[in-house]
Amino acid sequence: MRREVRKHYKNFSLLEIFFVIYWLTMLKLSDSYYVPYLIIAVFGIISIYYNSIEGRTNEEKGENLMIFAFSAFLSLMTLAANYGIFLNLNVPENAGIWFVNLYRKGNVIVVFLGGYVAFGNITRCLMKKLKNFCWRRIEYKWPAFLVFLVSFFIISGINIGIMFLCFYPGNISSDSVSIIKQALFGPYSNHQPYYYTKIVEFFLVRGIEWFHDINASVAFFNIFQIIFMAFCISYVIVTLYQMGISLKLQMGCLIWYVAMPFNIMYSFTMWKDVMFGGFVAVFIVSVFRIWKKIGKKVFLSYAVLIIGGIGMCLFRSNGWISFALAFFSFLFLFGEDYGKKKMKFLFLGIMVLTFVLKYQVLQSLNVTQPDMVEKLSVPIQQIARIVRDCGDISEENKTFLCRVVDVDQISEVYRPEISDPIKKLMRETGNQQYLEQNMAAYIKIYLEMSLSHMDKSIEAWIDLTKGYWNGGYSYWRWADWVEGKEDLGLERTVYAKNMKKCVDEYFWLFSENLFLQIFLCIGFHVWIVLILFFFCIVRKDKEGLFLTVPLIAILITLLISTPVYSEFRYVYAIFCCLPFLICSTFYKKVVLY
C-alpha cells in the first residue's frame, strides 16, 4: 500500500514539475526581469520534492483552502502582468479561429497551473518548516544605547562620506528643484508635501546665511536627512538587539541598510519618499515595541510612534489614506481588545490632527493641493487607452471629454507605463475646473466606457501598476545627478574620482548582474510581504498581521492612483521595513483567536 502511495506521489510530482518548467519557459518571453521567476521555479521544484517525501499531515488539510486561494492569487498576478505574451503568441498564418483560441487558452491554463503549483508547494513547504518556528532568544549584556550609537555612527558616517567625496552636494532631480524653489521663493504647493518643504527650507535658509553658497546649503539639508535615516535604521537595529535576535541576523539587517545602493543614494537625495520611508519604519517598530514590551522606557516608544504616524500621514499624498486603512484594519482586528484601547485613540488622534494640518491649516496658509488630474491618474489612463485602441466613443461622451482634454492628441501622446503625458495634455488643453464641477458626469462616463471595453480598461490598469506586484522591471530607481545649474547654481563636485568610479561600478552590478537584480525587484519584495501577511494569518498572530498592513495599504493606494508603473521610491517604505518584518513575524508565536 505504501509503495502504491509513493508511486502516486512520484507521478503527481513529475506532473507538477512539468507545469512549473512550462511556466518558467513561457515567462522567458516576459518584459520583466527573469530572475524572480527563476527563483520561484527553483524553490518550487525543491518544495515539490520535499512535499512528496513528507506527504500531507492532518493539520494541513484544514489549511488547504487558504493555500489554494493564496497560491492561485499569486499565480494570477504573474499571469495578468504578462497578458501580452498570450495575446501575441505565434500561430500559423492559415490557422483556424478554433485552433488559435484553443492554443491561447490552453497556454493560459497551463501557465496558471504552473504558477499555482510553484507558489503552492513553496507555501506548503514553508508552512511545514515555519508555522511553529520562532527565533531563539539570546540575552545580551551590552547596553542597548551603545548598540544604537554604533549603528547610528556606522550608517551616518558611511553615507556622509560617500556624499561628500563622490556626490556633493547630494542628488537633485527635477522634483528636488521644485522643492528648493518653493522653499526659497514660493509659492507653496502640497504637490510636494508642504511640511517636507518647510524642513528643507529651514536648512536651506540657514545654510545660505552661514555658508553663502546654495550647494553647501543643499548639502546641509542632506546631512540632516542622512542623520534622520540613520536614526530610523538604528532604531530598527537596536530593537532587533533588544528582541534577542541572533547577532548574525542583526548584522545581516545592518548590512542590508548599509550596502544596498538604494539606501545609500536615497539618504542624500532630496525626495519626500526618503523620510516617509523612515517614518513608516519607526511607526511599525514602535507599535511592535509597545505590544511586546521591549525596552524599559515605554514613553519613548509612544513618542516615536506619534512622530512616525504624523510623518507617515503628512510626507506623502497617499500617506494619510494608507494610515486610515491601517487604522480601520486595527479596529477590525482589535475592536474588542480592551488592552489596545489606548492605541486606538492614539491612532484616531493622529488621523484627526494630520487631517487638520493637511487641509484646514494649509487652506488658511493658501497652500494649493495637488490638482484634480493628479488624483485621477489611473482612471484617465484607462479612458485614454480605450480612446486609443477602440475609438468608438459616443458623441455625448466625446463632447464631454473634449472639454477636459484634446481627444485628437490622445493616441499620439499615450504611453501605457506612465500617465504623465496624458496629465500634461489635460493641463495644457483641458479645463480642470469644468472637470471638478462635473465630477459625477465624469465618473458616469468612466464607468460606461470601462464596462463596455472591460478588456482595455484592465489592460491599461495592469500596464500602469504591474511593477508594484509582479517580479521586477528595468526602470530608473535613483537620481545620480544634479539639476538646477542654470537657475539655481547647483552643480556636482566629485572630490574622490577613483572612489566615485568604484561606487558607480558597484551600483552598476545591481542593475546588470542577474542575481543582484533581485534586490531591486519591487514585485518580488511585495511577494515576500504578502507571504509574511499569509503566515501571520496561519499562525493566528493578529499583532504580526497588523504590522504588515501599513505596507499593504501603501501598495493599495498606488494601485488606484500611481502615475508610473514601477517607481522605486514610491515603495521605498517597503524596503525600509522588510528586514524588521521578517524578524518580527517569527519573534514569538502568539495565539490571539
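These numbers were taken from a predicted model, which means no experiment stands behind them. (Residues numbered from 1 in each chain as written. Predicted model: local features only at pLDDT ≥ 70, side-chain atom pairs only at ≥ 80, totals over all residues. Heavy atoms only, no water.)

## Focus: the environment of S329
Reasoning step 1: For S329, the position within the fold is in helix α15 (residues 319-334).
Reasoning step 2: S329 sits 224 residues away from A553 along the chain, and the two C-alpha atoms are 9.7 Å apart.
Reasoning step 3: For S329, the residues in contact, after removing those within four places along its chain, are F546 and V549.
Reasoning step 4: A polar side-chain atom of S329 sits 2.6 Å from the main-chain carbonyl oxygen of A326. (Helix = DSSP H or I, 4+ residues; strand = E, 2+ residues; numbered from the N terminus. Contact = heavy atoms within 4.5 Å. Polar contact = N/O pair within 3.5 Å; in protein donor to acceptor, adjacent residues only side chain to side chain.)

## Some remarks on the packing of helix α10 (residues 214-243) against helix α13 (residues 272-292)
Reasoning step 1: In contact at an axis separation of 10 Å, α10 and α13 are set at 25° when each is read in the N-to-C sense. When the axis of α10 is compared with that of α13, the two are roughly parallel. Crossing geometry of α10 relative to α13 is assigned as left-handed. The residues of α13 that touch α10, namely those facing F224, Q225, F228, M229, C232, Y235, V236, V238, T239, Q242 and M243, are V274, M275, G278, F279, V282, V285, S286, F288 and R289.
Reasoning step 2: Residue composition of the contact of α10 with α13, grouped by class: 14 nonpolar, 5 polar and 1 charged. (Axes fitted to C-alpha atoms, helices over the stretch in contact; angles between N-to-C directions. Parallel < 35°, antiparallel > 145°, perpendicular 65-115°, else oblique. Left-handed = near helix turned anticlockwise from the far one by under 90°. Nonpolar A, V, L, I, M, F, W, Y, C, P; charged D, E, K, R; others polar.)

## A look at the environment of F546
Reasoning step 1: Relative to the helices and strands, F546 is located in helix α28 (residues 542-561).
Reasoning step 2: Put simply, F546 and S329 are 217 residues apart on the chain and 7.4 Å apart in space, counted from C-alpha to C-alpha.
Reasoning step 3: Contact partners of F546, with chain neighbours within four places excluded, come to V287, W291, A326, S329, F330, L333, F334 and F347.

## What about the pattern of salt bridges?
Reasoning step 1: Summed over the entire model, instances satisfying the criterion amount to 23 salt bridges.
Reasoning step 2: The partner of D389 in a salt bridge is R385, and the shortest N-O contact between them spans 3.0 Å. Pair noted here: D389 and R385 are both in helix α18 (residues 377-389), with a separation of 4 residues, about one helical turn.
Reasoning step 3: By relative accessible area, D389 is classed as partly exposed at 30%. (Salt bridge = Lys/Arg side-chain N within 4 Å of Asp/Glu carboxyl O. Buried < 20%, exposed > 50% of the residue type's maximum accessible area, 1.4 Å probe, protein only.)

## Considering the environment of F315
Reasoning step 1: Looking at the element boundaries, F315 is found in the loop between α14 (298-314) and α15.
Reasoning step 2: You can call F315 buried: its relative accessible area is 5%.
Reasoning step 3: Taking the C-alpha atoms as reference, F315 lies 9.9 Å from W271; in sequence the two are 44 residues apart.
Reasoning step 4: Not counting residues up to four positions away in its chain, the partners in contact with F315 are P193, Y195, Y196, I199, K272, M275, F276 and F279.

## Quick notes on the confidence of the model for the chain
Reasoning step 1: Here the chain averages 92 in pLDDT, while 95% of its residues score no lower than 70.
Reasoning step 2: Within the chain, no element has a lower average pLDDT than helix α3 (residues 58-61), which sits at 56, and none a higher one than helix α12 (residues 261-267), at 98.
Reasoning step 3: Note that residues 589-593 has pLDDT below 50 and, in this model, 15 contacts with residues that lie over four places away or in other chains. (pLDDT = per-residue confidence, 0-100.)

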